[in-house]
Amino acid sequence: MTENYPAFLVVTPLLFSFVIYGCSWLHRRSCLCIAIVGLSISMAVSIGLLKEVLVQGHISYHLGGWSPPWGIAYEVDPINALVLVAIATIALINLIGTSREIEASFPDRKGAFYALYLLFVVGLLGIVVTGDLFNLYVLLEIASITGYSLIAMGDPSRAPLSSLNYVFMGTIGACFYLLGVGYLYIMTGSLNMADVKALLPPLYHSTAIVVAFTFCLVGIMIKMGFFPLHFWLPNAYTYAPSPAASLIAPLMTKVMAYVMIRLIISVFSPVFTFSSSLANRGVVILASIAIIMGALMALSQRDIRKMLTYIIVSEIGYIVGGAWLANITAMSGAILHIINDTVMTFCIFLAVGAISKKMGTVRIDHLTGLFSKMPFTMAGFVAGALSIIGIPPTCGFFSKWYLISGAMKAGSYSFVAALILSSLINVALFFRIIETGFFAPPHQPLSSGHAVVAIKEIPVSTLIPLLLAAAGLVAMGIFSGVIMSRVIQPGLARVF
Amino acid sequence: MELQTSIRPLLAILASLFAVPLIIVSPRPNIRESVSFLAAAFKFAIIISMLPAILSGKQLVFTIINVVPGAPLQLKVDAFGMLFALVSSSLWILTTAYSIGYMRGLNEHAQTRYFCFFALALFSTIGVAFSANLLTLYLFYEILSLATYPLVTHHQDQEARISGRKYLTFILGTSIGLVLPAMLYLYHVTGNLEFSSLSTLAQKVPGQVMPGLIFLFIFGFAKAAVMPFHAWLPAAMVAPTPVSALLHAVAVVKVGVFSIARVLLYTFGVKILAQLNLGTPVAYVASFTIITASLIALSQDELKRRLAFSTISQLSYIVLGISLLSPKGITGALIHIAMHAFGKITLFFCAGAIFVATGKKYISQMVGIGRKMPVTMLAFFFGALSVIGLPPCGGFISKWYLALGTLQNHQLVFLVVLLTSSLLNAMYFLPIVYRAFFGQEEASIQGITAIKEAPFWCLVPIIITALASVLLFFFPGVFLCLAQLSLP
């Protein structure tokens, strides 16, 4: 049973997505239940897998019994097991939290929505778990195509065009990646990651391998929205329907960032990747620029959701920079930040989705009186905001801690400056919203004592997931030492 | 030094955190305020229960969890932390009483929110006091910054909005922009952030980086309001007076100087600071703040603003005392944390009482008010004496030690600074008292013939803190003992 977990993880939601689509013709009301059951199984399996891998250290699963390099292998190590848990948990919590809105927004298309939702999750889980370069491409396309469709289901006036833009950019990114894999295949004759890694060392000086690496990297960077390749991102995430936005925005870019790290540590190896200190420094400087530009562009937005999308661009800069600082502290910081940023982006997108539903707008200057109307939603929002700013004990502080220590170790003080500056800009970004929400214009005279404020909270089914995510931010901060020492560093120990 | 593992520091901190949900769900104001009271009393009781162990030279330690290698979330109660915790937790009880009188007297809105964040602020204040390393201290420092924001902006009007923005810009801007990189640099170089009186961490820091690092900490802990990072404190006076009293005369601002003292004495260590002769530049910066803030205070007509500038100046006394790097100077600085707290909170309580009873905020309107509110103004007199540093009030003792500290190191310049500032203190406080009792009454108060004091709940804390200021002159024992135990 346990040995088949890697397959269950991916196959269960895949089968369930077909069942849901079939069910949407027969009994439409049960779609949601089926989706929840499917994702719950994935989540339970991913947690079981994490437990298992912490004991065993590494799990290799051969699909269909074909042994690699000919067959497809699923490789689980502590790090990707953690990413899997994050994906499966967030997908499930988001589904529960936004189910009311999904039911209301897509009354006759909800079967399709749920099926796409699960397929998207299949793609992400597969990307993270697979140990095969071509299989990764296939799953990447599954995730991307379902992502495009989910985004296109948003506001009919803007979403289809934004999605189309994303399709173009995403396809270019995928092509780049595929070309890179092609080069690798020509040079090594293998597609299995571990196999390629073993075959590469004698070829490190070959230009073809450098080109292969560059193609893969650029492709992945387009997909993760690394500045200046981010142009598809803000509109796609802004105009997506909010249930899809709070699924795709936290997960897609972070999974792609994980793929970058995966390629570095289990295909090309840090020795090859970081062999040119000039290139390392170049990428770190690009990342610093990404961080600052993302923050500045966020500052110029009037719409919260669009502002958040630029914050994602900035956060991707954190991860890329952390990875390319080329030491274990910064790399573990980057990996921790992938997990942390996933949860905090999710928390804040869920809150903003709920706010936009309730207020009918997400323009910052229209959001007056939020704190008295929706105190608990705003508590969740503030928790997400504090984590993005990097205030302890939320988890955002601790990944930033490792990133900055790693940058100091590498002597890259411009990256330190970029991180500190972006934290300061984030303070301005979020307190602008908090101020607007807190200092309500005096619509009604403030009554005294135990004022009777008309609290109009969001439904409990949304509020509880939101508060769970918010509590998760604090818990992950407090337990970041445990995550680091028990999961991330054992995973990296074999590599660095 | 004997270390002892104990969960009591954690309980002391959590007492007020657990009060928060209870305050939120309280159905009636009376229950809500009782919860606040109980939490405050419980917290104080736990802290007192740790006092004998500390006085006998022990330290209590509790590790919550390892977050970063070399810097766990850890609590440690030593004499210095105990001194500060004792002051803030005892004054929280009184401030809770005062808050009830003040908030009900003025019929303020959102009182539940107010009591919640007050409890949260005290949670983090005691957390700072009991932090065993710089990371833990930073964590509680930041929670405190955020917990006070809704208190400062309590009135939710345009003025509060502007002040709140100033408050955040200064406090969060410096803690993220200056302290965070300094702390990470220290961690990068030493791999350890623990506070210890035998600390040798700074030996690993290159000498030429040290001055920069020290000033990053001194300006970065902007809650200490060392100029030029002081402007948030007068702005924060828009808060309801109990907030100004406990947070902006005791808890928040003292957290600032406490953090500076922790870093200078327990991270860098007196020996290394003396070797590199880094005390003197810090002392000059502090002296500049002392004199300038006192001069500005002279020209303020709004009572709370005058008190705010006086606080800025008094906080730098503490920084000055530490930077003297002499045993007497440090002792003086540490007990000044306690002495100034009792004196200044009395003054703020009085300012609030006057506002509740008569609605007056400006000193020019307070002529003759002593005859209407004799108890309040008498308490004001004693509070003022303590802040000026005259017997028979506690402030005299700390100033005495500070003065001895300057002599111990033969730094007469700073003695002149101390004396000049005392003179200025007298110039901006005593005329208020004199005119309140003997001045020609203003037309607006003339109508009131009978004695009209502030509500009972306001008056009692004022009397207690004023008495405490006087008693501390005769019995400074506990604080003196704790201060001497904290000497590195």
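This structure is a prediction, so every number in the text was calculated from the model and none was measured. (Residues numbered from 1 in each chain as written. Chains lettered and ligands numbered in written order. Predicted model: local features only at pLDDT ≥ 70, side-chain atom pairs only at ≥ 80, totals over all residues. Heavy atoms only, no water.)

Visitor: Any details on the overall build of chain B? Residues and values, ideally.
Guide: Assigned secondary structure in chain B consists of 19 helices and three strands. In terms of its C-alpha atoms, chain B occupies a principal-axis envelope of roughly 70 × 55 × 45 Å. When contacts within chain B are restricted to residue pairs at least 6 apart in sequence, those whose partners lie at least 24 apart make up 82%. Carbon and sulfur atoms form 69% of the exposed surface of chain B, whose accessible area is close to 15300 Å². Taking the average location of the 28 positive side-chain charges in chain B and that of its 13 negative ones, the two points are 4 Å from each other. (Helix = DSSP H or I, 4+ residues; strand = E, 2+ residues; numbered from the N terminus. Contact = heavy atoms within 4.5 Å. Areas by Shrake-Rupley, 256 points an atom, 1.4 Å probe, with all protein chains shown as cover. Lys, Arg positive; Asp, Glu negative; His and termini not counted. Charge placed at Lys NZ, Arg CZ, Asp CG, Glu CD.)

Visitor: Give me the lowdown on the overall build of chain A, citing residues and values where you can.
Guide: Counting secondary structure elements, chain A contains 19 helices and two strands. Relative to the compact-globule value of 23 Å for 496 residues, chain A shows a C-alpha radius of gyration of 22 Å, a close match. A principal-axis box enclosing the C-alpha atoms of chain A has dimensions of 75 × 60 × 45 Å. Summed over its atoms, the accessible surface of chain A is roughly 17000 Å², and 70% of this surface lies on carbon and sulfur atoms. Charged side chains of chain A number 25 positive and 17 negative; the gap between the two group centres comes to 6 Å. (Rg over C-alpha atoms; globule rule 2.2 N^0.38 Å.)

Visitor: Give a description of the pattern of salt bridges that names residues and reports values.
Guide: Inspection of the entire model under this criterion finds eight salt bridges over all chains. The shortest N-O distance in the salt bridge between Arg 104 of chain B and Glu 33 of chain B comes to 2.9 Å. Here Arg 104 of chain B, found in helix H3 (residues 79-106), pairs with Glu 33 of chain B, found in helix H2 (residues 29-55); they are 71 residues apart in sequence, far enough to count as distant. The class for Glu 33 of chain B is buried, based on a relative accessible area of 3%. One continuous salt-bridge network, built from bridges that share partners, spans Glu 435 of chain A together with Arg 161 and Arg 165 of chain B. (Salt bridge = Lys/Arg side-chain N within 4 Å of Asp/Glu carboxyl O. Buried < 20%, exposed > 50% of the residue type's maximum accessible area, 1.4 Å probe, protein only.)

Visitor: Go over the packing of aromatic side chains, please, and point to the residues and values.
Guide: Under the defined criterion, the tally for this structure stands at 50 aromatic pairs over all chains. The interplanar angle of 25° and the centroid separation of 5.9 Å between the aromatic rings of Phe 268 of chain A and Phe 272 of chain A together place this pair among those described as stacked. In this pair, Phe 268 of chain A and Phe 272 of chain A are both assigned in helix H10 (residues 242-273), four residues apart and thus about one turn of the helix distant. Here Phe 268 of chain A and Phe 272 of chain A have matching classes, each one buried. Taken together, Tyr 204, Phe 213, Phe 268, Phe 272, Phe 274 and Trp 324 of chain A form an aromatic cluster joined through their ring pairs. The side chain of Lys 223 of chain B reaches across the aromatic face of Tyr 141 of chain B, ending 3.7 Å from its centre. (Phe/Tyr/Trp six-rings, centres within 6.5 Å; stacked < 30°, edge-to-face > 60°. Lys NZ or Arg CZ within 6 Å of the ring centre and 35° of its normal.)

Visitor: Give a description of the side chain of Gln 411 of chain B that names residues and reports values.
Guide: In this structure, Gln 411 of chain B sits in the loop between helix H15 (395-408) and helix H16 (412-438). Every residue in contact with Gln 411 of chain B, bar those within four places of it in the chain, is listed here: Thr 280, Leu 324 and Thr 406 of chain B.

Visitor: Give me the sheet that holds strand S1 (residues 2-5) of chain B: which residues, what numbers.
Guide: All names here are of chain B. A sheet is described by the order of its strands in space; here three strands give the open sequence S1-S2-S3, paired in mixed fashion. On the outer flanks of this sheet lie S1 and strand S3 (71-77), each paired with one strand and no other. Looking at each pair of strands side by side, their axes are set apart by 40° on average, direction ignored. Summarising the sheet, S1 and strand S2 (residues 58-68) pair through four bridges and their orientation is parallel. (Pairing = 2+ DSSP bridges. Axes fitted to C-alpha atoms, helices over the stretch in contact; angles between N-to-C directions.)

Visitor: Just give me the short version of the nonpolar core, but keep the residues and values in it.
Guide: One recurring pattern in soluble globular proteins: nonpolar side chains tend to sit buried together. If you look at the biggest cluster of nonpolar residues, it comprises 389 residues, and the most contacted ones within it are Tyr 237, Met 260, Trp 324 and Phe 430 of chain A together with Phe 130, Trp 232 and Phe 268 of chain B. If you tally residues by element for this core, the top one is H10 of chain A, at 20 residues. Those residues in contact with Tyr 237 of chain A, other than ones at most four positions away along the chain, are Ile 151, Tyr 166, Trp 232, Ala 245, Ile 248, Ala 249, Met 252, Thr 253, Arg 305, Thr 309, Ile 312 and Phe 349 of chain A. (Core = buried A, V, L, I, M, F, W, Y, C linked by side-chain atoms within 4.5 Å.)

Visitor: So what about unusual backbone geometry? Which residues, and what values?
Guide: Put simply, Met 227 of chain B and Pro 228 of chain B share a cis peptide bond, and its omega is 10°. Between Pro 391 of chain B and the following residue, Pro 392 of chain B, the backbone shows a cis peptide bond with an omega angle of 5°. Of note in the backbone geometry, Ala 326 of chain A takes a positive phi value of approximately 65° without being a glycine. Within the fold, Ala 326 of chain A resides in the loop between helix H12 (304-324) and helix H13 (328-359). The backbone of Asn 277 of chain B sits at a positive phi, close to 55°, despite the residue not being glycine. Position of Asn 277 of chain B relative to the elements: it lies in the loop between helix H10 (270-275) and helix H11 (279-298).

Visitor: I'd like a description of the interface of chain A and chain B, backed by residues and values.
Guide: Listed per partner, the contact involves 34 residues of chain A and 44 residues of chain B. Overall, the association of chain A and chain B removes approximately 3300 Å² of surface from exposure, summing both partners, and the carbon and sulfur fraction of that is 75%. Joining chain A to chain B, the criterion identifies two salt bridges. The closest approach of N and O atoms between Arg 161 of chain B and Glu 435 of chain A, which form a salt bridge, is 3.5 Å. Where chain A meets chain B, there are four residue pairs in polar contact (both at pLDDT 80 or more). Among the secondary structure elements, those contributing two or more residues to the side of chain A that touches chain B are helix H15 (375-389), helix H16 (395-409), helix H17 (413-438), helix H18 (460-478) and helix H19 (480-493) of chain A. It is H17 of chain A that provides the largest number of residues to the side of chain A that touches chain B, a total of nine residues. (Buried area = accessible area lost by both parts, 1.4 Å probe. Polar contact = N/O pair within 3.5 Å; in protein donor to acceptor, adjacent residues only side chain to side chain.)

Visitor: Residue-level account of the state of the cysteines, with values.
Guide: Under the counting rule described, the total for this entry stands at zero disulfides over all chains. This cysteine, Cys 347 of chain A, is not joined by any disulfide, and Cys 395 of chain A carries the nearest cysteine sulfur, 9.3 Å off. Residue Cys 347 of chain A is classed as buried on the basis of its relative accessible area, which comes to 0%. Of the cysteine sulfurs around Cys 393 of chain B, a residue in no disulfide, the closest is that of Cys 350 of chain B, at 12 Å. By relative accessible area, Cys 393 of chain B is classed as buried at 0%. (Disulfide = S-S within 2.5 Å.)

Visitor: If you had to explain the packing of helix H1 (residues 5-26) of chain A against helix H2 (residues 31-56) of chain A to someone new, which residues and values would you point to?
Guide: All names here are of chain A. Orientation of H1 relative to H2, taken along the N-to-C sense of each, is 180°, at an axis distance of 9 Å. Comparing the axis directions of H1 and H2 gives the class roughly antiparallel. For the pair H1 and H2, contact is made by Tyr 5, Pro 6, Phe 8, Leu 9, Thr 12, Pro 13, Phe 16, Val 19, Ile 20, Cys 23 and Ser 24 and by Cys 31, Ile 34, Ala 35, Val 37, Gly 38, Ile 41, Ser 42, Val 45, Ser 46, Gly 48 and Leu 49, respectively. Taken together, the residues that form the contact of H1 with H2 break down as 16 nonpolar, six polar and no charged. (Parallel < 35°, antiparallel > 145°, perpendicular 65-115°, else oblique. Nonpolar A, V, L, I, M, F, W, Y, C, P; charged D, E, K, R; others polar.)

Visitor: Run through the pairing of strand S1 (residues 59-62) of chain A, naming residues and quoting values.
Guide: All names here are of chain A. Side chains Ile 59 and Tyr 61 of S1 all project onto a buried face; the interleaved residues Ser 60 and His 62 project onto a face where none is buried. Relative to strand S2 (residues 73-76), S1 runs antiparallel, the two being bridged by four bridges. Looking at S2, one finds that Ser 60 is bridged to Glu 75.

Visitor: Go over a positive patch on the surface with me, naming the residues and quoting the values.
Guide: On the surface, a cluster of positive charge is contributed by Arg 100, Lys 357, Lys 358 and Lys 456 of chain A. By the element assignment, Arg 100 of chain A lies in helix H3 (residues 78-105). (Patch = residues over 30% accessible without salt bridge, like charges linked within 9 Å, V, L, I, M, F, W, Y side chains within 5 Å.)

Visitor: Please provide a residue-by-residue account of a nonpolar patch on the surface, values included.
Guide: All names here are of chain B. Among the surface-exposed residues, Val 375, Ile 463, Leu 467, Leu 471, Phe 474 and Phe 475 lie close enough to one another that they form a single nonpolar patch of about 580 Å² accessible area. Of the residues forming the nonpolar patch, the biggest block, four residues, is contributed by helix H18 (residues 456-474). Structurally, the position occupied by Phe 475 is in the loop between H18 and helix H19 (477-486).

Visitor: Could you give me a rundown of helix H5 (residues 134-152) of chain B, with the residues and numbers involved?
Guide: All names here are of chain B. In this model H5 runs 26 Å from its N-terminal to its C-terminal C-alpha over 19 residues, within 8% of the 27 Å that 1.5 Å per residue would give. The buried count for H5 comes to 19 of 19 residues, which makes it a mostly enclosed element. A distance of 3.2 Å separates the backbone nitrogen of Leu 135 from a side-chain oxygen at the start of H5, and that oxygen is part of Asn 133. (Expected span 1.5 Å × (residues − 1).)

Visitor: Give a description of the confidence of the model for chain A that names residues and reports values.
Guide: Looking at chain A, pLDDT values average 88 and 97% of them are 70 or higher. Low confidence marks residues 442-452 of chain A, where pLDDT is under 50. Its contacts with residues over four positions away, or in another chain, come to 17 contacts. (pLDDT = per-residue confidence, 0-100.)

Visitor: A description of the confidence of the model for chain B should follow, citing residues and the corresponding values.
Guide: Any region with low pLDDT has predicted coordinates that should not be read closely. Of the residues in chain B, 97% reach a pLDDT of 70 or more, and the chain-wide mean stands at 87. With pTM at 0.92, the complex prediction returns an ipTM value of 0.90.

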